[in-house]
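Here are the chains, one letter per residue:
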Amino acid sequence: DMPFNAINCASLTDTLIESELFGYEAGSFTGAARTGKTGIIEASNGGTLFLDEINSLPMSAQGKLLRVLESHKVRRVGSHKETPVDFRLIAAANESLLELCEKGEFRQDLYYRLNIISLVIPPLRKRIDDIVPLANYFLEEICRENGWTKILSAESYSFLIGYGWPGNVRELRNFIERGVMLSDRDEVVMNLKDYVRNLTPE
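Rules of the game
Residues numbered from 1 in each chain as written. Predicted model: local features only at pLDDT ≥ 70, side-chain atom pairs only at ≥ 80, totals over all residues. Heavy atoms only, no water. Axes fitted to C-alpha atoms, helices over the stretch in contact; angles between N-to-C directions. Helix = DSSP H or I, 4+ residues; strand = E, 2+ residues; numbered from the N terminus. Parallel < 35°, antiparallel > 145°, perpendicular 65-115°, else oblique. Left-handed = near helix turned anticlockwise from the far one by under 90°. Contact = heavy atoms within 4.5 Å. Nonpolar A, V, L, I, M, F, W, Y, C, P; charged D, E, K, R; others polar. Salt bridge = Lys/Arg side-chain N within 4 Å of Asp/Glu carboxyl O. Buried < 20%, exposed > 50% of the residue type's maximum accessible area, 1.4 Å probe, protein only. Patch = residues over 30% accessible without salt bridge, like charges linked within 9 Å, V, L, I, M, F, W, Y side chains within 5 Å. Areas by Shrake-Rupley, 256 points an atom, 1.4 Å probe, with all protein chains shown as cover. Lys, Arg positive; Asp, Glu negative; His and termini not counted. Charge placed at Lys NZ, Arg CZ, Asp CG, Glu CD. Core = buried A, V, L, I, M, F, W, Y, C linked by side-chain atoms within 4.5 Å.

1. Comments concerning the packing of helix α6 (residues 128-146) against helix α8 (residues 168-182)
Packing of α6 against α8 leaves a shortest axis separation of 9 Å and a crossing angle of 45 degrees. Overall, the two elements α6 and α8 adopt an arrangement that is oblique. Considering how the two elements wind past one another, α6 and α8 form a crossing that is right-handed. On the side of α6, the interface is formed by I131, L134, A135, F138, L139, E141, I142, E145 and N146, while α8 contributes V169, L172, R173, I176, E177, V180 and M181. Of the residues in the contact of α6 with α8, the class split is eleven nonpolar, one polar and four charged.

2. So, the pattern of salt bridges
This structure, assessed with the given rule, holds twelve salt bridges. Note that R107 is salt-bridged to D109, the shortest N-O span being 2.7 Å. For R144, the salt bridge is made with E140, and the minimal N-O distance between the two is 3.7 Å. With R144 and E140 both in helix α6 and four residues apart, this pair spans about one turn of that helix. Residues R144 and E140 agree in their burial class; the two are exposed. Three or more residues are tied together by salt bridges with common partners; here these are E25, E42 and R76.

3. Focus on a negative patch on the surface
A cluster of acidic side chains, namely E95, E99, E102 and E105, defines a negative patch on the protein surface. With respect to the helices and strands, E99 occurs in helix α4 (residues 97-102).

4. Notes on unusual backbone geometry
Non-glycine residue H72 carries a positive phi angle of around 60 degrees. Topologically, H72 is positioned in the loop between α3 (59-71) and β5 (73-75). Its identity as a non-glycine residue notwithstanding, W165 has a phi of 50 degrees, on the positive side. Relative to the helices and strands, W165 is located in the loop between α7 (154-162) and α8.

5. Concerning the nonpolar core
Ranked by internal contacts, the top residues of the largest apolar core, which has 26 residues, are L21, I41, L51, I54, L57, L65 and F106. Residue assignment for this core shows that the elements contributing at least two residues are α1 (14-22), α2 (40-43), β4 (48-52), α3, α4 and α5 (108-114). Broken down by element, the residue count for this core peaks at five residues, all from α3. Beyond its immediate sequence surroundings of up to four residues, L57 is in contact with C9, I17, L21, Q62 and L65. Counting residues in hydrophobic clusters, the runner-up holds 16 residues, among them C143, W165, L172 and F175.

In structure tokens:
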């Protein structure tokens, strides 16, 4: 019953990320809303904030985020007032933050502040037992959304398990969606063994 907010740090420009995270006061910059704006950190007070692809967070914003985590207070852009916040932070990265720290591309102090409990999710090719359940889940979801009934053939399952999935779960979902959309009957066996061949033009 408490707020859950998520933001992809890679989806915003360096100039926008700080106003999205920390909010801003009215008139803080050209184009700012007259009433100001509550940042996603402040909006997550009492709940959970998920920062996806935190490795894309600019250095300037990393320093401000570290201060929020240390002080439990957030300051809007253009404001001198700090607002108390209490939230749970979950962060995800698609690169090793420790390696980025060694390259000087991620703040080491922020890394150690974030690294309380770490979950390392192996690539899909190393989680073969997850492939079929995920494929079935995506198939059911896509068919339900479109009011269709479609099934995968045994040959398709063999392909799913044997393919390396460099794009991980996103690629798997797109693969299933592609098969569903290209099928021309309500109930059809999807044979998609030519998928890889079609990825790379000859």
